[in-house]
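Residue-level structural notes
So the chains spell out like this:
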Amino acid sequence: MKIIAVYHNKGGVGKTTTVVNLAAALRKKGKRILVIDLDSQANTTFATGLIKFDDEEFDDIRDNNILQVLQSEEFYPIQEIARKSQFNNPEIDVLPSHIDLMQYETELNQLDYSRLILIEKLEEVKDIYDFVLIDTPPSLNLYARIALITADYLIIPSDLKPFANQGLVNIKDFVKKIDGFRRQIKRSPLEVLGVLACKISTNVRFVQSTLRNRMEVIKQRYNFKIMETIIYDRDDLAKCAEKIQILENKEIAVPISVLDFKPDSASAQEFELLAMEVLQKTGMK
Ligand SMILES: Nc1ncnc2c1ncn2[C@@H]1O[C@H](COP(=O)(O)OP(=O)(O)OP(=O)(O)O)[C@@H](O)[C@H]1O
Ligand SMILES: [Mg+2]
């Protein structure tokens, strides 16, 4: 079982989109996938269709989400909390998040075991899944830390714009600190698979000159690897996550993976390529 965290401290660069659609692409290749949402915004939980209505009355996730998994040493094993999501065919298991995560951060921070409990609980499901993909918040908080301590690999989605690039300095520093902690717990260093170019303009002139330069900068100035696959800015990718249905005068969210939404689209093909790159780089091909 390989654990991959998808992280950047800048918001809106495509972390959640990457987690959800990479999970779908790997699943379609027959891999058994668990997606973990470690962001209190719960965007992945929403994007995988686990939140049907934005109504507190229907909130059955509040008492059964990643927060309880992290809070309890003895109870709330992953198998009990993970839910089957139909946002993709075949289904994918998702460990949901909840807005409550935000208010419990300080309390969890004071628990000695909070940084290690996810590693332990994942150990129990290591024969059930081939890949665990972890979505993270756009910050340097405890949940991002837990994700990077737990993961074997890191993918850093980035729109390659100046703000995102400046963030890479923070990420480098953050990974260094995480590796220090990992050494103490006898865990090998986090392997950075690379910066993943996301939401990239398809404008021909941009792709031929500016994009090449920007990718060079990542390697030269920030000394990060860059992934071969490029995820371009495409309408299909935004649309498939926002699909809704009207049922008895109520709007329900029915998000689906771009691979099911438009299997022949350029976007679906890009995620298929990303899945192949990930399989190859993690030795799971
Ligand atoms: N390649 C793309 N093409 C078109 N739209 C995209 C693409 N990637 C992401 N988006 C859209 O951009 C918005 C932000 O993407 P996403 O939620 O994946 O970013 P994020 O990094 O997870 O954000 P946050 O930091 O808030 O968690 C979403 O509305 C998403 O649908
Ligand atoms: Mg997100």
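Here, every reference points to the structure presented above.
Reference entry: report on the structure contained in this document. Please read these numbers as outputs of a predicted model, since none were measured by experiment. (Residues numbered from 1 in each chain as written. Chains lettered and ligands numbered in written order. Predicted model: local features only at pLDDT ≥ 70, side-chain atom pairs only at ≥ 80, totals over all residues.)

1. Digging into helix α8 (residues 162-184)
Between its first and last C-alpha atoms α8 spans 34 Å; for 23 residues at 1.5 Å apiece the expected length is 33 Å, and the two agree. For α8, the complete set of buried residues consists of Ala164, Gly167, Leu168, Ile171 and Ile178. For α8, the elements touching its buried residues are α7 (142-150) and β6 (153-158). Looking at the residues trailing α8, positive phi occurs at Lys186, about 60 degrees. (Helix = DSSP H or I, 4+ residues; strand = E, 2+ residues; numbered from the N terminus. Expected span 1.5 Å × (residues − 1). Buried ≥ 20, exposed ≤ 12 C-beta atoms within 10 Å, placed from the backbone. Contact = placed C-beta atoms within 7 Å.)

2. Considerations on the site of ligand 1
In the vicinity of ligand 1 lie 19 residues, with Gly11, Lys15, Thr16, Thr17 and Pro138 positioned nearest. When contributions to the shell around ligand 1 are tallied by element, the ones reaching two or more residues are α1 (15-28), β7 (191-200) and α10 (235-241). Of the residues belonging to the shell around ligand 1, the class tally is seven nonpolar, seven polar and five charged. (Near = placed C-beta within 6 Å. Nonpolar A, V, L, I, M, F, W, Y, C, P; charged D, E, K, R; others polar.)

3. Focus: the pairing of strand β8 (residues 226-232)
The sheet contact formed by β7 and β8 spans three bridges and is parallel. Residue pairing for β8: Ile200 is matched across the bridge by Tyr232. Each parallel crossover has a hand, and for β7 linked through helix α9 (residues 204-220) to β8 it is right-handed. (Pairing = 2+ DSSP bridges. Right-handed = clockwise from strand over helix to strand, strands pointing away.)

4. Some details on the packing of α7 against α8
How two helices sit against one another is set out by the angle between their axes and by the gap between those axes. Two elements in contact, α7 and α8, have axes separated by 10 Å at closest approach and are oriented at 60 degrees. In terms of axis orientation, α7 runs oblique to α8. Note on packing geometry: the crossing formed by α7 with α8 is right-handed. Between α7 and α8, the residues in contact are Arg145, Leu148 and Ile149 and Val175, Ile178, Phe181 and Arg182, respectively. Among the residues forming the contact of α7 with α8, the class breakdown is five nonpolar, no polar and two charged. (Axes fitted to C-alpha atoms, helices over the stretch in contact; angles between N-to-C directions. Parallel < 35°, antiparallel > 145°, perpendicular 65-115°, else oblique. Left-handed = near helix turned anticlockwise from the far one by under 90°.)

5. What about α7?
Burial in α7 covers these residues: Tyr143, Ala144, Ile146, Ala147, Leu148 and Thr150. On the buried face of α7, the contacting elements are β1 (2-6), α6 (117-123), β5 (131-135), β6 and α8.

6. Considerations on unusual backbone geometry
Note that the residue after Asn89, namely Pro90, is joined by a cis bond; omega there is 0 degrees. Assignment of secondary structure puts Pro90 in the loop between β3 (83-85) and β4 (92-95). Even without being a glycine, Lys199 presents a positive backbone phi close to 55 degrees. At Asn223, a residue that is not glycine, the phi angle is positive and equals roughly 55 degrees. Tracing the backbone through its elements, the reader meets Asn223 in the loop between α9 and β8.

7. Here's the deal with the sheet that holds β8
Pairing in this open sheet of eight strands is mixed, and the strands run β3-β4-β2-β5-β1-β6-β7-β8 from one edge to the other. For this open sheet the edge positions go to β3 and β8, each flanked by a neighbour on one side alone. Averaged over all neighbouring strand pairs, the angle between strand axes comes to 25 degrees, with direction disregarded.

8. Let's talk about the nonpolar core
Grouped burial of nonpolar side chains is what soluble globular proteins tend to show. Grouped together as the largest cluster of nonpolar side chains are 81 residues, with contacts concentrated most on Leu22, Ala23, Leu133, Ile134 and Ala147. Broken down by element, this core gets its largest block of residues, seven residues, from α1. If near-sequence neighbours (up to four positions away) are discounted, Ala147 is found in contact with Ala5, Tyr7, Leu38, Ile134 and Thr136. (Core = buried A, V, L, I, M, F, W, Y, C linked by C-beta atoms within 7 Å.)

9. Topic: the packing of α1 against helix α12 (residues 266-281)
It is the contact of α1 with α12, at a shortest axis distance of 8 Å, that shows an interaxial angle of 75 degrees. As the angle between them shows, α1 and α12 are arranged roughly perpendicular. Judged by residue contacts, Asn21, Leu22, Ala24, Ala25 and Leu26 of α1 engage Phe271, Glu272, Leu274, Ala275 and Val278 from α12.

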